[in-house]
Amino acid sequence: MTVEREAPAEAGLPEGRRHPWHRYVALGDSFTEGIGDPDPENPGRHRGWADRLAEELSHGTEDFAYANLAIRGRLLGRILDEQLEPALALQPDLVSVSAGGNDLLRPGSDPDALALRLDAAVGRLADAGATVLLFNGPDIGSTPVLSAIRGKVAIYNENLRVVAARHDAVVADMWGLRQLSDPRMWDTDRLHFSPLGHHTIAIMALEALNVRHGLEPMDPSPVPVRTWRAARTEDLVWAREYFVPWVIRRLRHKSSGDGILAKRPTAEPVFGAGAPLGSGEPS
């Protein structure tokens, strides 16, 4: 979708409105669920870029509602099988889809085949009248864990741009978000984004949608200077606490999302009465 940049986003809208959407539904895996960005107001729950995006979209739109169907660990097939029909039933006019990252981590995965299946799902959402926001993969060339699949991510991203062009979708360009090469953007597990990363991605997504917003770039703490020995010790701790359990789950065909339910399965207000636990209140 070509988002008009010359006129204000709220042109032609009622006073106070900054965009045309009333009902936003987010589909995906741990990235969209918000893993790596714990909600300080609700221990055990996660906020993430999608919650931050919905909070901004809700300002000035009294009847705005938000659902988040994403569940950690989900492969693209399960995301589409389990989340597409419920999303359509909610009759959204804005849908974000981020799927395929977990598939690309697996040996033998085919980015072309993944994009083909995603194409059909995006077509259904677009045919239902929703604006579709697609997230491509970040450039993970500088990350120690994910750099091995950089080529597959790049191929998938190019396919995703074709899908977006075919269905007039908006692309949230994670690959072009160079700030994500900063290690402070990543959680301690080196697989998910930190609160800083989620905040930065929310800003990028709002700008992709051409929505004026109140989010400001966060000023992260400086990276502490580490000795070579300290860095290697951190690597060993990371491998024991995160990498080995991840490998064991793969071997046992288990998922971190087994038994997890969507945190916002219905479209509800973001703030105030009717807002589900975990959405928070504006400060």
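Further up the page is the structure itself.
The residue numbers shown here count from 1 along each chain, following its written sequence. Per-residue local features of the predicted model are confined to residues with pLDDT of at least 70, and side-chain atom pairs are confined, for both listing and counting, to 80 or more; whole-chain, interface and lining totals are unaffected and use all residues. Just so you know, side-chain values use all the structure's heavy atoms and leave hydrogens and water out.

Caption draft 1: View of the sheet that holds strand β5 (residues 170–172). The strand order β5-β4-β3-β1-β2-β6 describes an open sheet built from six strands, whose pairing is mixed. The open sheet has two free edges, formed respectively by β5 and β6 (264–268), since each of these has just one partner strand. This sheet shows a mean twist of 15 degrees between the axes of neighbouring strands, independent of strand direction. Pairing between strands requires that DSSP locate at least two bridges from one strand to the other. Secondary structure elements follow DSSP: runs of H or I of four or more residues count as helices, runs of E of two or more count as strands, with numbering from the N terminus. For strand β3 (residues 94–98) and strand β4 (residues 131–135), the ladder comprises four bridges, and the chain directions are parallel. Bridging from a neighbouring strand, S96 pairs with L133 of β4. On the sheet, helix α3 (residues 76–89) packs against β1 (23–28) and β3 and is oriented at approximately 170 degrees with respect to β1. We call two residues contacting when some pair of their heavy atoms lies within 4.5 Å. Simply put, an axis is a line fit to the C-alpha atoms, just over the touching stretch for a helix, and the angle between two N-to-C directions goes from 0 to 180 degrees. Sheet strands in contact with helix α6 (residues 150–167) are β4 and β5, and its direction is about 175 degrees off that of β4.

Caption draft 2: Region of the structure containing the pairing of strand β2 (residues 65–68). Residue exposure (1.4 Å probe, protein chains only): buried if accessible area is under 20% of the type maximum, exposed if over 50%, otherwise partly exposed. Here β2 shows a buried face lined by A65 and A67 and a second buried face lined by Y66 and N68. Bridge count between β2 and β6: two bridges; the pairing is antiparallel. The residue bridging N68 from the neighbouring strand is R264, located in β6.

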